[in-house]
Amino acid sequence: MKQNIINARVTFRSSPIHVLERFTIKDLEVAYERFKRHSGLDECVIIQTCNRIELFGKSKYQDIEKIKKTWASLTGLDEETFKENLEIVENHEAFHHLLKLTSGLDSMVVGEEQILGQIKNSITAARNIKASGKHLNTLFDKAIRIGTRIRNTSGIGRGGISVGSMAVKLAEENIDELKFKRILLIGTGEVSTLVAKSLQRRGYDFAVTSRTLDRSKMFCETMGGSPIKFEEVLSGFENYDILFVATTAPYFLVTYERITNAMKENKKGMMILDLSNPRTVDEKVATIGGVKLMNLDQIAEMVEKNMNARLNKVKTVENIINEEVLVLEASMKRLDAEPLVKGVFKDIDSLRVKELQKALQMLDEKDEKKIKIIEELTKAVVESIVSTPMNNIRKASEQGDPDVIEMASKLFDYKKNTLD
Ligand SMILES: NC(=O)c1ccc[n+]([C@@H]2O[C@H](COP(=O)([O-])OP(=O)(O)OC[C@H]3O[C@@H](n4cnc5c(N)ncnc54)[C@H](OP(=O)(O)O)[C@@H]3O)[C@@H](O)[C@H]2O)c1
């Protein structure tokens, strides 16, 4: 019987940021353990980024309800929330979706590079703790290779659009004369780098802060901007007109109280762009007079407006994916036949070796050259008899015909579980 690959996901496409962040899984090791123990999955990989929380699983008999229950127990969410936000696909659609992910087609900023790194990290982490196995490792390795090739040949990522550049554009569209505003960037990670690049390219001065001053200094040496002490910032938000916040802090750094205090001094107003997921700016700050708060939802809208240049490439990439997914699907299906094929080859080969030894003993042959010829003869005979049925089993498996594997297991008296 064939294996099923399932993909269950909550993404920015169907859920706004305040909903999406509630599906975030805090302890991945615990999650892997529970998904495998309680959801009937033999393998799983979790991908978590600012725009998506996705589970890929492999099982013989999966139970969607159990997957939802486990996810709910990990996040404290009720089942109703899953009904509205969870998308579930299997096999062909799951492969297709993974290729869209690796090629950047499903990203908020189509073609962006970050997702590929995030997927590589996810499969490495799952592999290291043995949450994934032969099926998902093969699937992800292949999908990453295909995605990279698609990016390189299509040029889908060219053109300088990024979350960072869209955030800066959003600020420009909402604030007059950005050049004369005091801009602060909180965070020195990947997203902050994209924001800094864009600010730098457009000639804006900006300050940078992160928990350690040394890290901010190093960041500014390559990305521009002036490093500022973290504590100074937290107690002095009134010194800035625009905040870009991109951290992975698990709590609000920009709190209601801090901004209320800042706004007592800052009469000109403040714009805050929270690029984090989970958010690190308390949404209540939006209720303070003079404060404009924007987050990844608005950036997604901005991206949509700016994607025209890439849209004609999207069609090309979609066509490539539609072709590649068939090849990927065939090689995944072939995996179902591999244990049987390998097992039968091994059994027959040990028979061959046993009979060969017997014959050589009976012949009392000592001449190495003759022994070699006889040995090669036995190998050639076995190979020519076995390879055609084995290739046919592989082909049947590729074509999604699990009955042939079952039948072949019986014919070859292959006892092991051919589905592992
Ligand atoms: N990567 C993407 O494609 C992408 C796109 C859109 C949005 N996002 C979101 O943007 C945020 C940042 O992502 P990233 O990829 O830039 O992450 P990253 O490269 O890991 O950088 C994380 C940053 O957060 C800071 N940080 C962590 N814990 C903190 C705390 N308790 N207090 C203050 N600062 C803290 C780190 O500062 P230290 O140096 O002090 O550790 C670092 O500067 C995330 O919420 C992510 O979900 C990411």
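Look up a bit, the structure's there.
Since the model is a prediction, treat every value here as computed from it, not as a measurement.

Calculation criteria
- Residues numbered from 1 in each chain as written.
- Predicted model: local features only at pLDDT ≥ 70, side-chain atom pairs only at ≥ 80, totals over all residues.
- Heavy atoms only, no water.
- Patch = residues over 30% accessible without salt bridge, like charges linked within 9 Å, V, L, I, M, F, W, Y side chains within 5 Å.
- Areas by Shrake-Rupley, 256 points an atom, 1.4 Å probe, with all protein chains shown as cover.
- Salt bridge = Lys/Arg side-chain N within 4 Å of Asp/Glu carboxyl O.
- Helix = DSSP H or I, 4+ residues; strand = E, 2+ residues; numbered from the N terminus.
- Buried < 20%, exposed > 50% of the residue type's maximum accessible area, 1.4 Å probe, protein only.
- Pairing = 2+ DSSP bridges.
- Axes fitted to C-alpha atoms, helices over the stretch in contact; angles between N-to-C directions.
- Contact = heavy atoms within 4.5 Å.
- Phe/Tyr/Trp six-rings, centres within 6.5 Å; stacked < 30°, edge-to-face > 60°.
- Parallel < 35°, antiparallel > 145°, perpendicular 65-115°, else oblique.
- Left-handed = near helix turned anticlockwise from the far one by under 90°.
- Nonpolar A, V, L, I, M, F, W, Y, C, P; charged D, E, K, R; others polar.
- Near = heavy atom within 4 Å.
- Polar contact = N/O pair within 3.5 Å; in protein donor to acceptor, adjacent residues only side chain to side chain.

1. Regarding a nonpolar patch on the surface
Here's step 1: Residues Leu377, Val381 and Ile385 make up a contiguous nonpolar surface patch of roughly 290 Å² in combined accessible area.
Here's step 2: In this structure, Ile385 sits in helix α15 (residues 368-398).
Here's step 3: Judged by its relative accessible area of 57%, Ile385 falls in the exposed class.

2. Section: the sheet that holds strand β3 (residues 52-59)
Here's step 1: With antiparallel pairing, the 4 strands of this open sheet are ordered in space as β2-β3-β1-β4. The sheet is open, and its two edges are formed by β2 (43-49) and β4 (87-90), each paired on a single side. Across the sheet, the mean angle from the axis of one strand to that of its neighbour is 15°, orientation sign disregarded.
Here's step 2: Relative to β3, β2 is paired through 7 bridges, and the arrangement is antiparallel. Looking at β3, one finds that Glu43 is bridged to Lys58.
Here's step 3: Set on the sheet, helix α5 (residues 91-103) makes contact with β1 (4-11), β2, β3 and β4; between it and β3 the angle comes to about 140°.
Here's step 4: Of the strands in this sheet, β1, β2 and β3 are in contact with helix α7 (residues 134-154), which crosses β2 at around 40°.

3. Quick word on unusual backbone geometry
Here's step 1: Asn277 connects to Pro278 through a cis peptide bond whose omega is 0°.
Here's step 2: Tracing the sequence through the fold places Pro278 in the loop between β9 (270-274) and β10 (291-295).
Here's step 3: Phi at Asn91 takes a positive value of approximately 40°, unusual for a residue other than glycine.
Here's step 4: The exposure class of Asn91 is buried, given its relative accessible area of 14%.
Here's step 5: The phi dihedral of Asp364 is positive, around 50°, even though this residue is not glycine.

4. Let's talk about the packing of aromatic side chains
What describes a pair of aromatic rings is the distance from one ring centre to the other and the angle between the planes of the rings.
Here's step 1: A full pass over the atoms with the stated rule returns 5 aromatic pairs.
Here's step 2: Measuring from centroid to centroid gives 6.4 Å for Phe35 and Trp71, while their planes differ by 85°, and the two rings are edge-to-face. Of the two residues, Phe35 sits in helix α2 (residues 28-38) while Trp71 sits in helix α3 (residues 64-75), which places them 36 residues apart along the sequence. A single burial state applies to Phe35 and to Trp71, both of which are buried.
Here's step 3: Chaining the aromatic ring pairs together yields one cluster made of Phe23, Phe35, Trp71 and Phe82.

5. Focus: the pattern of salt bridges
Here's step 1: Enumeration over the complete set of coordinates arrives at 25 salt bridges.
Here's step 2: When the shortest N-O distance is used, the salt bridge between Glu65 and Lys68 registers 3.5 Å. Here Glu65 pairs with Lys68, and both are found in helix α3, just 3 residues apart, close to one helical turn.
Here's step 3: For Glu65, a relative accessible area of 41% puts it in the partly exposed group.
Here's step 4: With relative accessibility at 15%, the residue Lys68 sits in the buried group.
Here's step 5: In this structure, Arg394 engages Glu338 in a salt bridge whose closest nitrogen and oxygen atoms are separated by 2.9 Å. Of the two residues, Arg394 is situated in helix α15 and Glu338 in helix α14 (residues 308-363); the sequence distance between them amounts to 56 residues.
Here's step 6: A relative accessible area of 15% places Glu338 in the buried class.
Here's step 7: If you follow the salt bridges from partner to partner, you end up with Arg13, Arg52, Glu54 and Asp106 in one network.

6. As for the packing of helix α8 (residues 163-174) against helix α9 (residues 190-201)
Here's step 1: Closest axis-to-axis distance for the α8/α9 pair is 7 Å, and the angle between their directions is 55°. As summarised for this structure, α8 and α9 are arranged oblique, according to the angle between their axes. When you trace α8 past α9, the crossing you get is right-handed. Contacts from Val163, Gly164, Ser165 and Val168 in α8 reach Val191, Leu194, Val195, Ser198, Leu199 and Arg201 in α9.
Here's step 2: Its residues placed into classes, the contact of α8 with α9 shows 6 nonpolar, 3 polar and 1 charged.

7. Digging into the site of the ligand
Here's step 1: Surrounding the ligand, one finds 24 residues, the nearest of these being Cys50, Thr188, Val191, Arg211 and Arg215.
Here's step 2: A distance of 3.3 Å separates a nitrogen atom of the ligand from a polar side-chain atom of Gln118.
Here's step 3: One of the backbone nitrogen or oxygen atoms of Glu190 is found 2.9 Å away from an oxygen atom of the ligand.
Here's step 4: Taking 900 Å² as the accessible area of the ligand by itself, protein coverage stands at 84%.

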